[in-house]
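# Examination of the molecular architecture
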Amino acid sequence: MLAFTFRRVLVALAVAFTVSVASFLLLHLSGDLATAIAGPEATGPQIAQIRQDYGLDQPLLTQFLTWGWRALHLDFGNSFYFRESVIDLLAARLPITLYLGIIALGVALFVAIPLGVVAAVKRDTWIDRTALAVSVLGQAMPSFWFGLTLILIFSVNLRWLPVSGNATWKNFVLPAIALGYYAMPAVMRLTRNGMLEVLASDYVRTARAKGLPPRKILVRHALRNAVIPVIALLAVQFGFMLGGSIVIEAVFSLQGLGQLAWESIARNDFPVVQAIVLVLAMIYIGLTLAADLLNAFLDPRLRQA
């Protein structure tokens, strides 16, 4: 297990370094940052002064090393638009995005796992086909359209829930449903496939032959082994949720990291955009690493891979 952990950590560090390089280069190769910061009305001397003030006149490698060293110390500079520390902006907005992602993941699990189990048990019946149709619909439907539909039904017509903001827990209900429905299909299908494979295995047939109750076989023997692949998927889906929250937070006006990213992109606030990309990528890499280690702990066969 120690050797497996060491290999996975090395891979995670290599991916983290690659992401940091990519996030740095994407912004710097998108155009002249000094001109974008100065604005269209700026003169040549003003642009040159901004380039010098922000260190944009230095070689690209020097800029990357300086930015990387500061990022290691959680120093991402100051926002061009908000005129405050980037790390303070992230610290204020990140909890809202994480809270939304956790609730949305809970919604997805609450619906997807029981639906996948029932679809596997009732294979090739109308229940199975309905579950698969719900799964296909969830991936085909744009999340922003689903979010607007929820607002129209539950906020505008029924007036059960607020349209926007993040003042109370009620503000997170509709965004969590919209975001969780996007992740539900993959979890449901993987649960269904895992259950079908486990239900056809020898040890489940042996348990049935011994006369164990069907519910005990389903929960203790089948589901327990079928959900192991789901663990790795949850980490990936949670990372997708954090990235996809940009659209959902914009629809529901949640003042989270996604909304901050949207505002920063629209205002050419490069330090904030760069920091958000890096932070979300690091969270995603950390979740994936944790899922790999947990899977290896639960299934010793993976340690030999």
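Each chain carries its own residue numbering, running from 1 in the written order of its sequence. In view of the model being predicted, local features appear only for residues whose pLDDT reaches at least 70, and side-chain atom pairs are presented and counted only at 80 or more, with totals across whole chains, interfaces and linings using the full set of residues. Heavy atoms from the whole structure form the basis of all side-chain values; hydrogens and water molecules are not counted.

For helix α7 (residues 143-157), with 15 residues, the first-to-last C-alpha span of 20 Å sits near the 21 Å given by 1.5 Å per residue. Think of it in three bands: with a 1.4 Å probe and only protein chains considered, a residue is buried below 20% of the maximum accessible area for its type, exposed above 50%, and partly exposed in between. Under the DSSP-based scheme used, a helix requires at least four consecutive residues in state H or I and a strand at least two consecutive residues in state E, with every element numbered from the N terminus. Those residues of α7 that sit buried are F146, G147, L150, I151 and S155. In this analysis, two residues are considered to be in contact whenever any of their non-hydrogen atoms come within 4.5 Å of each other. Check the buried side of α7 and you find it contacts α8 (173-199) and α11 (228-252). With its phi angle positive at about 60 degrees, R159 sits one or two positions after the end of α7. In a helix, the anticipated span is given by 1.5 Å times the number of residues less one.

A word on the packing of α11 against helix α12 (residues 257-266). Running from N to C, α11 and α12 cross one another at 90 degrees; their axes reach a closest spacing of 7 Å. It follows from the interaxial angle that α11 and α12 lie roughly perpendicular. Counted together, S245, I246, E249 and A250 of α11 and L257, G258, Q259, A261 and W262 of α12 form the full contact between these two elements. Residue type decides the class: Asp, Glu, Lys and Arg count as charged, Ala, Val, Leu, Ile, Met, Phe, Trp, Tyr, Cys and Pro as nonpolar, and the leftover types, Gly among them, as polar. Of the residues assigned to the contact of α11 with α12, the class counts are five nonpolar, three polar and one charged. Comment: axis = line fitted to C-alpha atoms, over the contacting stretch for helices; angle = value between 0 and 180 degrees taken between N-to-C directions. Geometric relationships in this document are graded by angle, where less than 35 degrees denotes roughly parallel, more than 145 denotes roughly antiparallel, 65 to 115 denotes roughly perpendicular, and other angles denote oblique.

UniProt positions are given in the numbering used here, feature names are shortened, and annotations may be inferred rather than shown by experiment. As annotated by UniProt and renumbered to match this structure, "transmembrane region" (unreviewed entry) occupies residues 96-120, 132-156, 168-187, 226-252 and 272-298. For the annotated span residues 96-120, helix accounts for 100% and strand for 0% of the residues, and the straight-line distance between the end C-alpha atoms is 36 Å. Strand forms 0% of residues 168-187 and helix 75%; the C-alpha atoms that close the span are 28 Å apart.

Ring geometry is summarised as follows: Phe, Tyr and Trp rings, the Trp one being its six-membered ring, pair when their centres sit within 6.5 Å, and such pairs are stacked at plane angles under 30 degrees, edge-to-face over 60 and tilted between the two. The final tally for this structure, using the stated rule, is five aromatic pairs. Seen from their ring centres, F64 and W67 are 6.2 Å apart, and the 40 degrees between their planes marks the pair as tilted. One end of the pair, F64, and the other, W67, are both in helix α4 (residues 60-72), three residues apart, so they sit about a helical turn from each other. In this structure, F64 and W67 share a single accessibility class: buried. Through a chain of ring-to-ring contacts, three or more aromatic side chains come together here, namely F17, F64 and W67.

For the rest of this paragraph, the subject is helix α6 (residues 126-140). The first and last C-alpha atoms of α6 sit 21 Å apart over 15 residues, in line with the 21 Å expected at 1.5 Å per residue. Taken as a whole, α6 has its buried residues at D128, A131, S135 and G138. Projection of α6 onto a plane perpendicular to its axis shows the buried side chains occupying an angular sector of 90 degrees, all on one side. Projecting away from the buried face of α6 at angles above 90 degrees are the exposed residues W126, R129, V136 and A140. Turning to α6, the residues buried within the fold contact α5 (86-121) and α8. This arc is taken over the directions from the axis of the helix to the C-beta atoms.

Another point: the confidence of the model for the protein. Mean pLDDT over the protein works out to 80, with 91% of the residues at or above the 70 mark. For every residue, the predictor reports its confidence as pLDDT, a number between 0 and 100. The element-level mean pLDDT for the protein is lowest in helix α2 (residues 33-38), coming to 69, with α5 highest at 88.

Another aspect to go through is the packing of α5 against α11. Direction vectors running N to C along α5 and α11 enclose 120 degrees, while the axes themselves pass 9 Å from each other. It follows that α5 is oblique to α11 by the angle criterion. Along this stretch, α5 crosses α11, giving a crossing that reads as right-handed. Only L234, F238, M241, L242, S245, I248 and E249 of α11 make contact with α5, whose side of the interface consists of T97, L98, L100, G101, I102, A104, L105, A108 and L109. Split into classes, the residues belonging to the contact of α5 with α11 amount to twelve nonpolar, three polar and one charged. By convention, the crossing between two helices is left-handed when the near helix turns anticlockwise from the far helix through less than a right angle, and right-handed when the turn is clockwise.

Mapped onto the fold, S135 is located in helix α6. The residues touching S135, leaving out its near neighbours within four places in the chain, are P185, M188 and R189.

Our focus in this paragraph is the nonpolar core. General note: in soluble globular proteins, nonpolar side chains tend to be found buried as a group. Core analysis: the biggest nonpolar cluster contains 51 residues, and F76, L90 and I276 have the highest contact counts within it. Put simply, the parts of the chain that give this core at least two residues each are α4, α5, α7, α8, α11, α12 and α13 (270-298). A total of eleven residues in this core trace back to one element, the largest contributor, which is α5. When neighbours within four sequence positions are excluded, I276 is seen to be in contact with L90, L257, L260 and A261. Think of a nonpolar core as a cluster: buried Ala, Val, Leu, Ile, Met, Phe, Trp, Tyr and Cys residues, connected wherever their side-chain atoms sit within 4.5 Å. Counting eleven residues, the second-largest nonpolar core is a separate cluster that includes V117, M195, I217 and A226.

This part takes up a nonpolar patch on the surface. By definition, no residue in a patch forms a salt bridge, and every one has over 30% relative accessible area; like charges are joined within 9 Å, nonpolar side chains (Val, Leu, Ile, Met, Phe, Trp, Tyr) within 5 Å. All accessible areas in this document rest on Shrake-Rupley with a 1.4 Å probe, and a residue is counted as covered only by the protein chains that are shown. Here a salt bridge means any side-chain nitrogen of Lys or Arg lying within 4 Å of a carboxyl oxygen belonging to Asp or Glu. On the surface, L152, I153, V156, L158 and W160 cluster together into a nonpolar patch covering about 480 Å² of accessible area. Positionally, L158 belongs in the loop between α7 and α8. Exposure remark for L158: the relative accessible area of 39% places this residue in the partly exposed category.

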